[in-house]
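Observations on chain architecture
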Amino acid sequence: MPSCANKMLMTHLARDTWGFQGYITSDCGAVSAVINDHHYTSTSDQTCAATLQAGMDIDCGSYLQDNLQAALAAKAVSMDDVDTALTNQFSVQFRLGMFDPASVQPYSKLGAADVNTKAHQQLALSAAQQGIVLMKNAGGHLPLDASTTKSVAVIGPNGNATTTMQGNYYGQAPYLISPLMGVQSYTTASYTQGCTIAANDTSGFAAAIAAAEAADQVIMVMGLDQTQEREGHDRVILSFPGVQLQLIEKVAAAAKSPITVVLMCGGPVDVSALVSNPKVGAMLWVGYPGQSGGQAMADVIFGTVNPGTWSLPFLDRL
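Right, let's talk about the sheet that holds strand 4 (residues 217–223) for a bit. Strand order in the open sheet formed by six strands is 1-6-5-4-2-3, with mixed pairing between adjacent strands. Bordering the open sheet on either side are strand 1 (133–137) and strand 3 (188–192), each of which pairs with just one other strand. In this sheet, neighbouring strand axes are inclined to one another by 20 degrees on average, regardless of whether the strands run parallel or antiparallel. Relative to strand 3, strand 2 (residues 151–155) runs parallel, the two being bridged by five bridges. By the bridge assignment, V154 is partnered in strand 3 with Y191. Those strands touched by helix 8 (residues 205–214) are strand 2, strand 3 and strand 4, and its axis lies near 160 degrees from that of strand 2. Where helix 9 (residues 244–254) meets the sheet, its contacts fall on strand 2, strand 4, strand 5 (259–264) and strand 6 (280–285), and the angle it forms with strand 4 comes to roughly 175 degrees.

Here you go:
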């Protein structure tokens, strides 16, 4: 059952059980997918009825715009169905004050000075810190001690990533702190790419191995980017693309001590080989952590921040 035609989720669960009082919008193009891709309905009238009567209020697309008038004329959809959806939408707008006089509308007073404030920058950093997941920490490898770690080799295709950290669908960041920059805020660090995200090219292995041999600690930032996963572009396998896994194995074997592997990706990758590799001391997943992602990563690796200690008040309500 397509989500935007699922009455159990949108009406019985969200509204009746959870007391949701907002409006529900389909994914863009999802209403047309009900008939054209899922084949859940067979006519446009049925599609309009299935989505509106299930509890969807807004079609992010043009399907209802193109077909709702005919569905009303055919009495497949009633004006009560339409009014319910409109009421859910406009109720939120009234609560937000969108129909209040401008003199009492707080949002109308916001301007450019309210964008990218220090508080917003701190929020972006905090969100990135909280989102990091520790996947392995053999023998308490992390946190690293900045006072005794005199040099770090940052290695990997995402080791100096900036744009990649923003993921898919993002605004223009005022600045981007790469993983390398984050590590350099704690100690001396160099960067060696080693390999690209997906090419089967090992020509950078020698430089990466040499960097690992010379450094006190190695942090490898691997994973994916928008060439591998994004809206409309899905992967069909879970393995690391290209020669990333081989690079990790070579660098780990050459390093003075167990290495830290950081996964920058949205979807999952198979890390079973890293879990069982004793030369991989720790492994973090950072997602696509945004403008301060590199700083957040370094803060966790060097122990300034422990994501596991954050208070999450919303859990109390579950």
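What follows continues from the structure just given.
Our focus in this paragraph is helix 9. Along helix 9, the residues classified as buried are Q244, L247, I248, V251 and A252. Seen from one end, helix 9 has its buried residues packed into an arc of 125 degrees, which puts them on one side. Looking at the buried residues of helix 9, the elements they touch are strand 2, helix 8, strand 4, strand 5, helix 10 (272–275) and strand 6.

What follows covers the packing of aromatic side chains. Per the stated rule, a full pass over the model turns up three aromatic pairs. When the centroid spacing of 6.3 Å and the interplanar angle of 55 degrees are considered together, the rings of F90 and F99 count as tilted. Linked through ring pairs, F90, F94 and F99 together constitute an aromatic cluster.

Quick look at the layout of surface pockets now. Taken as a whole, the largest pocket holds about 210 Å³ of empty space. As for the largest pocket, its lining consists of 13 residues, and the residues nearest its centre are L134, V300, V305, N306 and P307. Listing elements by their share of the lining of the second largest pocket, those giving two or more residues are helix 4 (63–73) and helix 5 (79–95).

Counted according to the given criterion, the structure contains one disulfide. You can see C4 has no disulfide; the closest cysteine sulfur is in C60, sitting 11 Å from it. Relative accessible area serves as the criterion here: at 8%, C4 is assigned to the buried category. Not engaged in a disulfide, the cysteine C265 finds its nearest cysteine sulfur in C195; these two sulfurs lie 14 Å apart.

Where helix 6 (residues 118–131) meets helix 11 (residues 293–301), the closest approach of the two axes is 8 Å, and the angle between their N-to-C directions is 50 degrees. With respect to their mutual orientation, helix 6 and helix 11 come out oblique. In the crossing of helix 6 with helix 11, the sense of the turn from one axis to the other is right-handed. Residues L125, A128 and Q129 of helix 6 form the contact with helix 11, whose participating residues are G293, Q295, A296, D299 and V300. Broken down by class, the residue content of the contact of helix 6 with helix 11 amounts to four nonpolar, three polar and one charged.

Below, the discussion takes up the pattern of salt bridges. This structure, assessed with the given rule, holds two salt bridges. Its salt-bridge partner being D57, residue R15 comes within 2.8 Å of it at the nearest N-O pair. Remark: D57 occurs in the loop between helix 3 (44–54) and helix 4 and R15 occurs in helix 1 (residues 7–17); sequence separation between them is 42 residues. By relative accessible area, D57 is classed as buried at 8%. Between R235 and E229 there is a salt bridge, with the nearest N and O atoms lying 3.6 Å from each other. Judged by its relative accessible area of 24%, R235 is partly exposed.

What counts and what doesn't
Residues numbered from 1 in each chain as written. Predicted model: local features only at pLDDT ≥ 70, side-chain atom pairs only at ≥ 80, totals over all residues. Heavy atoms only, no water. Pairing = 2+ DSSP bridges. Helix = DSSP H or I, 4+ residues; strand = E, 2+ residues; numbered from the N terminus. Axes fitted to C-alpha atoms, helices over the stretch in contact; angles between N-to-C directions. Contact = heavy atoms within 4.5 Å. Buried < 20%, exposed > 50% of the residue type's maximum accessible area, 1.4 Å probe, protein only. Arc of directions from axis to C-beta. Phe/Tyr/Trp six-rings, centres within 6.5 Å; stacked < 30°, edge-to-face > 60°. 1 Å grid on protein atoms, 1.4 Å probe; cavity = no way out; pocket = protein on both sides within 12 Å on 5 of 7 lines; lining within 4 Å. Points joined across faces, edges and corners; volume = space filled by probe spheres on them. Disulfide = S-S within 2.5 Å. Parallel < 35°, antiparallel > 145°, perpendicular 65-115°, else oblique. Left-handed = near helix turned anticlockwise from the far one by under 90°. Nonpolar A, V, L, I, M, F, W, Y, C, P; charged D, E, K, R; others polar. Salt bridge = Lys/Arg side-chain N within 4 Å of Asp/Glu carboxyl O.

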